[in-house]
Amino acid sequence: MTEAPNATAAATVLSVVIPMYNEEEVLPALVSRLRPVLADLGVGYEVIAVDDGSTDRTAELLAAFRLGWPELRVIGLRRNSGHQAALTAGLDRAHGAYVVSIDADLQDPPEKIPEMLALARAEGLDIVYGIRADRASDTGFKRWTAGLYYRLVRRLAGPSVPAQAGDFRLLSRAAVDALKALPDQQRVYRLLVPWLGFPSGEVRYERAPRPAGQSKYPLGRMIRLAVDSVTGFSAAPLRIATWLGGFAFLVCLGLMVYTLSAHAFQHTVPGWTSLFIGVLFIGAVQLICVGLLGEYVGRIYTAVQNRPTYFIGHDTAADTAADTAAGAAGTAGDPAAGAAKRTSRAGDPAVPSPASPPEGSAGPATPVSQGLGRRS
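Asks: Looking at this structure, I do not really get the overall build of the protein. What am I missing?
Replies: Scanning the protein from N- to C-terminus turns up 13 helices and eight strands. A total of 376 residues make up the protein; the buried ones form 41% of that total. Taking the intrachain contacts of the protein between residues at least 6 apart in sequence as the baseline, contacts between residues at least 24 apart amount to 81%. In the form shown here, the protein has an accessible surface area of approximately 19,200 Å², with 63% of it arising from carbon and sulfur atoms.

Shown next as structure tokens:
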């Protein structure tokens, strides 16, 4: 009874993973542009929309679009887990021989997907990056912070990290499987993917403004991404803390010599300013070092907890598989019973209970509502 999903997975050449959080305003435009692009490819494909705990009508609109678009698959997370966690959920469940990740905001053009797939096939590449050749649509502050971020990560992680490459990329099945095998919990794919060292290419495009909705990466999240990128991929900040400690020690030696000299010449009162500055400086260095150590200890604490990165609330692929199994069981046994099962499934969005598996199935299936995310 499980052959149909496997056959579908085998026929899927391309999977498109789209993390979404409160994207009801841009969803219609996304579907109207993405669907014809994928239809013209002439290959089997699936679109995996990962609803990251949206609080607006994103889930409702996805369900409506899916009625007329069978290739659309919706995965709903139980709570908002973050952009990279939602992307992980989609990559973990993608079936395609190639997987494209793209944001829902249409700043990365879906029309570049055929070019990425053609380049990967023609040159045997495992990774094709979407490179932002022009960011004129971004504000000056956004361009400045983005440039600073890429300079920082390239200095820490090496020149293998492409400049101006976000999460719009194509991965081969080998690259996806390699990512899935990594134990990292707090993932930053724009650093992890280049680290794999697979053959790669680039497709350049002009970054467009958002047609609707609000950015899901305000300043706070950008800072968090930068911190995760640095602390999750390099021990350089700890070495910086060591150098700061050595520099502070030298300053303390200089202040000690100055204090002894002032005491010898009985000029102790005028030294109050230098002493006050020295205490402030040493205190600031200590706080910086403790903060850096805290970031790494926090990551160790998270790894020791070994909590899943995300929780799956529902997956429409499981509903389709259950409908197929129920229909096959009804055809083999009682057609009326099979029709009744299909009718009840059509009106019930809940995952079928494992206590009563379809007749002829291999055994009870674990309900997707209890699905866990990645553990390290």
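The discussion continues.
Asks: So what exactly am I meant to see when it comes to the packing of helix 2 (residues 27-39) against helix 3 (residues 58-67) here?
Replies: For any two helices packed against each other, one specifies the crossing angle of their axes together with the interaxial distance. Relative to each other, helix 2 and helix 3 sit at 30 degrees, their axes nearing to 11 Å. Here helix 2 is positioned roughly parallel relative to helix 3, judged by the angle of their axes. Where helix 2 crosses over helix 3, the two elements pack in a sense that is right-handed. When helix 2 is examined against helix 3, the residues Leu27, Pro28 and Val31 are found in contact with a partner set consisting of Thr58, Leu61, Leu62 and Phe65.

Asks: What should I look at first to understand helix 2 in this one?
Replies: Residues separated by three or four positions in an α-helix point in the same direction, a consequence of the helix having 3.6 residues per turn. Along its 13 residues, helix 2 runs 18 Å from first to last C-alpha, staying within 8% of the 18 Å computed at 1.5 Å per residue. Within helix 2, the full set of buried residues consists of Leu27, Leu30, Val31, Leu34, Val37 and Leu38. For helix 2, the buried positions fall inside an angular range of 150 degrees around the axis, keeping them on one side. The exposed set on the far side of helix 2, more than 90 degrees from its buried face, consists of Ser32 and Ala39.

Asks: So what exactly am I meant to see when it comes to the nonpolar core here?
Replies: Note on soluble globular proteins: their nonpolar side chains tend to be buried together. If you look at the biggest cluster of nonpolar residues, it comprises 33 residues, and the most contacted ones within it are Ile18, Leu38 and Val47. The element that contributes the greatest number of residues to this core is helix 2, accounting for five residues. Sequence-distant contacts of valine 47, defined by excluding residues within four places in its chain, comprise Val16, Ile18, Leu34, Leu38, Trp69, Glu71, Leu72 and Arg73. With 25 residues, the next largest nonpolar core counts Ile127, Leu171, Ala175 and Tyr310 among its residues.

Asks: Quick question: what am I supposed to make of the pattern of salt bridges here?
Replies: Side-chain pairs of opposite charge can arise where the charged atoms are in close proximity. Under the defined criterion, the tally for this structure stands at eleven salt bridges. Note that arginine 57 and glutamate 24 form a salt bridge whose closest N and O atoms lie 3.6 Å from each other. Of the two residues, arginine 57 sits in the loop between strand 2 (45-51) and helix 3 while glutamate 24 sits in the loop between strand 1 (14-20) and helix 2, which places them 33 residues apart along the sequence. With relative accessibility at 40%, the residue arginine 57 sits in the partly exposed group. Here arginine 73 makes a salt bridge to glutamate 46, at a shortest N to O gap of 3.8 Å. Note that arginine 73 is positioned in strand 3 (residues 72-77) and glutamate 46 in strand 2, a separation of 27 residues in sequence. One connected set of salt bridges, linked through shared partners, spans Glu24, Arg57 and Glu60.

Asks: Just checking my understanding: could you explain the packing of helix 7 (residues 173-181) against helix 8 (residues 189-196) for this structure?
Replies: Between helix 7 and helix 8, the shortest axis-to-axis distance is 11 Å and the interhelical angle comes to 115 degrees. As far as their axial angle goes, helix 8 and helix 7 are roughly perpendicular. As for the relative orientation of helix 7 and helix 8, their crossing is right-handed in sense. Here helix 7 contributes Ala175, Ala178 and Leu179 to the contact with helix 8, which in turn contributes Tyr189, Leu192, Val193 and Leu196.

Asks: Even after reading the chapter, I still don't get the side chain of serine 101, so can you show me in this structure?
Replies: Topologically, serine 101 is positioned in strand 4 (residues 98-101). A polar side-chain atom of serine 101 sits 2.6 Å from the main-chain carbonyl oxygen of aspartate 167. Apart from residues lying up to four places away in sequence, serine 101 is in contact with Val17, Leu87, Asp167, Phe168 and Arg169.

Asks: For this particular structure, what's the right way to read unusual backbone geometry?
Replies: Across residues other than glycine, the phi torsion is negative in most instances, and most of the peptide bonds are trans. The backbone phi angle of asparagine 22 is positive, close to 55 degrees, even though this residue is not glycine. Position of asparagine 22 relative to the elements: it lies in the loop between strand 1 and helix 2. Taking relative accessible area as the criterion, asparagine 22 reaches 21% and is therefore assigned partly exposed.

Asks: Help me understand the environment of arginine 79 in this model?
Replies: Inspection of the secondary structure assignment puts arginine 79 in the loop between strand 3 and helix 4 (83-93). Sequence spacing of arginine 79 and glycine 313 is 234 residues, and the spatial spacing of their C-alpha atoms is 8.5 Å. When neighbours within four sequence positions are excluded, arginine 79 is seen to be in contact with Asp52 and Gly53.

Asks: What's the story with the environment of glutamate 46 in this structure? I'm lost.
Replies: We classify glutamate 46 as buried; its relative accessible area is 8%. If we ignore the near neighbours within four places in the chain, the residues touching glutamate 46 are Thr12, Leu14, Ser15, Val16, Glu71, Arg73, Arg93, Ala94, His95 and Gly96. From its side chain, glutamate 46 meets the backbone nitrogen of histidine 95 in a polar contact 2.8 Å long.

Analysis parameters
- Residues numbered from 1 in each chain as written.
- Predicted model: local features only at pLDDT ≥ 70, side-chain atom pairs only at ≥ 80, totals over all residues.
- Heavy atoms only, no water.
- Helix = DSSP H or I, 4+ residues; strand = E, 2+ residues; numbered from the N terminus.
- Buried < 20%, exposed > 50% of the residue type's maximum accessible area, 1.4 Å probe, protein only.
- Contact = heavy atoms within 4.5 Å.
- Areas by Shrake-Rupley, 256 points an atom, 1.4 Å probe, with all protein chains shown as cover.
- Axes fitted to C-alpha atoms, helices over the stretch in contact; angles between N-to-C directions.
- Parallel < 35°, antiparallel > 145°, perpendicular 65-115°, else oblique.
- Left-handed = near helix turned anticlockwise from the far one by under 90°.
- Expected span 1.5 Å × (residues − 1).
- Arc of directions from axis to C-beta.
- Core = buried A, V, L, I, M, F, W, Y, C linked by side-chain atoms within 4.5 Å.
- Salt bridge = Lys/Arg side-chain N within 4 Å of Asp/Glu carboxyl O.
- Polar contact = N/O pair within 3.5 Å; in protein donor to acceptor, adjacent residues only side chain to side chain.

Purely geometric stuff here, so don't read any function into it on its own.
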